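Tertiary structure, described
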Amino acid sequence: MAINYDKWNKIDDYSSNEEDEETPLSYIKNSNSETVGKLITVPWDTSCEKVRWAMDLYSTKYIEYGYPYILHVWYIIDEYSEPPPTPQVTNVPILEFDNQVYKNGSTEIFTFLYSRALGSKLRIYSNPEALTHEKYFDENLAPAAQKIFYDMVLPSNQLCEDIIFKSIHLDTWRTLYRLIWPITRMNLKNIFGVKNKKIQEEAWDKVEEAFKYADDLLSKSDGEFLLGKTMTAADITFAAHAIPILCPNAEEHIWFNDNGIGIKCPSIKDLPDKLKSKVESYRMRPSGVYAMKMYKSRRGKSCGNKPSRYKKENSPFWAQEFALRRIVYGTFVFLVLLGWFFILSNPWYISLIAYIITSLLILQFIAKPLKKSQYGRRITRIMFYFFNNNGIENIKSHHHDENCQCNATKEHHHDHDENCQCNATKINEEESKKGK
């Protein structure tokens, strides 16, 4: 989304301070004040916290649907993606507002909020440089902080319970997540390099560079924020992505429960000594002190709500952890025992025939209807995403084909021009001979 800063920069700058009256920051232009957005998140993702923060500051009402990591793909890949070979949408946050969908990252949502709130005191792109700094923190600090967050939490069962599972609002998603947690936890460790010394050292190096980058901006600033007297997208982005590094929490900070920070972090005492010293050192840096001040005084209370967990569709009979485990694991054990009993009590050829008939029945009565349903469509798209590199190779080959066609066309024109030149030369020679 292109941004025209010229008309916005003509508005006088606003510098907020602690003595301001408690007037709402937002003025959503051409929008019904009763409009409520739909925000799709992973609750503990820093990019999602960044968007929550901005929407809360703009007093924009929204309902947050927080899905746990990896399971969130099951919901959004069918809802917000075009059919393959188009690349599938798997990243959050995603915002639906006024019948529009913003699914290309947090910056797109930020520009939407800014363009719809020109009368707001909060002008996050009043300084054009804010977009450059926001991009830097998104591309460097965010992925590093994500790796460090999982390295902090995943090795501890208690932290997984307190920080991950208690962040999942609906019993249905939390119960499903517990069911697949052993496999999910193993995959998360591999994806984010948990306990991988090299990956974690590289992540901390990126964090060091990002905090030094913020320190330099603060040292050059003529105000209390990174780029001067006005809070911008760069301030929100840096502070949001720094949450896993600084670990603000209710146990150490009495102000934590009074604002809307959506990410839970462990307290210092719950961390290993090595991580404890790192967190303490970053809290003492100018950028760390600044970010902690942002959490305390600039985060604000949440304007969002979450779906009711008491609705019938959100509280089915199986949405109890132990009930679902008994159903799934019990059914699996029963079928395995039944299969072994049948194999041991019958000749091998009868077992083989029964196996073939059972397989055909499964294909006939389960696989075919599944393929035509939304579940089959989601499975197909997920397989396309993981096994076809989300269509990236298709895009590359498509561009290659276009280039080949362009080159072939150029060569054709080139050959045509040469033929024309040769024919013209021959005609001229023949005419000269006749003249003689």
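Residues numbered from 1 in each chain as written. Predicted model: local features only at pLDDT ≥ 70, side-chain atom pairs only at ≥ 80, totals over all residues. Heavy atoms only, no water.

The protein is annotated in an unreviewed UniProt entry as GST C-terminal domain-containing protein of Anaeromyces robustus.

1. Topic: the packing of aromatic side chains
Summed over the entire model, instances satisfying the criterion amount to 22 aromatic pairs. With centroids separated by 5.9 Å and ring planes inclined at 85°, the aromatic side chains of Trp 348 and Tyr 349 adopt a geometry described as edge-to-face. It is Lys 38 that lies over the ring of Tyr 65; its NZ or CZ is 5.1 Å from the centre. The cationic tip of Lys 50 hangs over the ring face of Phe 110; the distance from NZ or CZ to the ring centre is 4.8 Å. (Phe/Tyr/Trp six-rings, centres within 6.5 Å; stacked < 30°, edge-to-face > 60°. Lys NZ or Arg CZ within 6 Å of the ring centre and 35° of its normal.)

2. Looking at the packing of helix 5 (residues 129–153) against helix 8 (residues 197–220)
Where helix 5 meets helix 8, the axes come as close as 9 Å, and the angle between the chain directions of the two elements is 140°. Classed by the angle they form, the pair helix 5 and helix 8 counts as oblique. Every pair of crossing elements has a handedness; the one defined by helix 5 and helix 8 is left-handed. Residue-level contacts link His 133, Tyr 136, Phe 137, Asn 140, Leu 141, Ala 144, Lys 147, Ile 148 and Asp 151 of helix 5 to Ile 199, Gln 200, Ala 203, Trp 204, Lys 206, Val 207, Glu 209, Ala 210, Phe 211, Tyr 213, Ala 214 and Leu 217 of helix 8. Here the residues of the contact of helix 5 with helix 8 sort into 14 nonpolar, 3 polar and 4 charged. (Axes fitted to C-alpha atoms, helices over the stretch in contact; angles between N-to-C directions. Helix = DSSP H or I, 4+ residues; strand = E, 2+ residues; numbered from the N terminus. Parallel < 35°, antiparallel > 145°, perpendicular 65-115°, else oblique. Left-handed = near helix turned anticlockwise from the far one by under 90°. Contact = heavy atoms within 4.5 Å. Nonpolar A, V, L, I, M, F, W, Y, C, P; charged D, E, K, R; others polar.)

3. Overview of the pairing of strand 1 (residues 37–41)
When you tally the buried positions in strand 1, you get 4 out of 5 residues, the bulk of the element. For strand 1 and strand 2 (residues 62–66), the ladder comprises 5 bridges, and the chain directions are parallel. Note that in strand 2 the partner of Gly 37 across the bridge is Tyr 62. In this view, the connection linking strand 1 to its parallel neighbour strand 2 by way of helix 2 (residues 46–57) has right-handed handedness. (Buried < 20%, exposed > 50% of the residue type's maximum accessible area, 1.4 Å probe, protein only. Pairing = 2+ DSSP bridges. Right-handed = clockwise from strand over helix to strand, strands pointing away.)

4. Some thoughts on the pattern of salt bridges
Scanning the model with the defined rule gives 22 salt bridges in all. Salt-bridge contacts for Glu 224 lead to Lys 293; the nearest nitrogen and oxygen are separated by 4.0 Å. Of the two residues, Glu 224 sits in the loop between helix 8 and helix 9 (233–241) while Lys 293 sits in helix 12 (residues 286–297), which places them 69 residues apart along the sequence. Look at the salt bridges and you will find they share partners, linking Glu 49, Arg 52, Asp 56, Glu 64 and Arg 299 into a network. (Salt bridge = Lys/Arg side-chain N within 4 Å of Asp/Glu carboxyl O.)

5. Things to note about a nonpolar patch on the surface
The grouping of Phe 342, Trp 348, Tyr 349, Ile 350, Leu 352, Tyr 355, Ile 356, Leu 360 and Leu 363 at the surface amounts to a nonpolar patch, some 980 Å² of accessible area in total. Of all the elements, helix 14 (residues 348–372) adds the most residues to the nonpolar patch, at 8 residues. Note on placement: Ile 356 falls in helix 14. (Patch = residues over 30% accessible without salt bridge, like charges linked within 9 Å, V, L, I, M, F, W, Y side chains within 5 Å. Areas by Shrake-Rupley, 256 points an atom, 1.4 Å probe, with all protein chains shown as cover.)

6. Things to note about the sheet that holds strand 5 (residues 304–305)
One open sheet holds the 5 strands; their spatial order is 4-3-1-2-5, and the pairing between them is mixed. Every interior strand has two partners, whereas the edge strands, strand 4 (100–102) and strand 5, have only one. Of the strands in this sheet, strand 1, strand 2, strand 3 (94–97) and strand 5 are in contact with helix 2, which crosses strand 1 at around 155°.

7. Some thoughts on the nonpolar core
Counting 95 residues, the largest nonpolar core has Ile 124, Tyr 177, Val 207, Phe 211, Leu 226, Phe 238 and Tyr 295 as its most contacted members. Looking at which element gives the most residues to this core, the answer is helix 5, with 11 residues. For Ile 124, the contacting residues outside a window of four places in its chain are Tyr 58, Phe 110, Tyr 114, Ala 130, Met 231, Thr 232, Ala 233 and Ile 236. (Core = buried A, V, L, I, M, F, W, Y, C linked by side-chain atoms within 4.5 Å.)

8. Concerning unusual backbone geometry
Residue Pro 85 is reached from Pro 84 by a cis peptide bond, and omega for that bond is 10°. Look at the link from Val 92 to Pro 93: it is a cis peptide, with omega at 10°. If you trace the backbone, Pro 93 turns up in the loop between helix 3 (71–79) and strand 3. In the Ramachandran plot, Lys 195 falls in the positive-phi region, its phi being about 65° despite a non-glycine side chain. On the secondary structure map, Lys 195 appears in the loop between helix 7 (171–191) and helix 8. Backbone geometry places Cys 247, a non-glycine residue, at a positive phi of 50°. Here Cys 247 shows up in the loop between helix 10 (243–246) and helix 11 (273–284). On the accessibility criterion, Cys 247 (1% relative accessible area) is buried.

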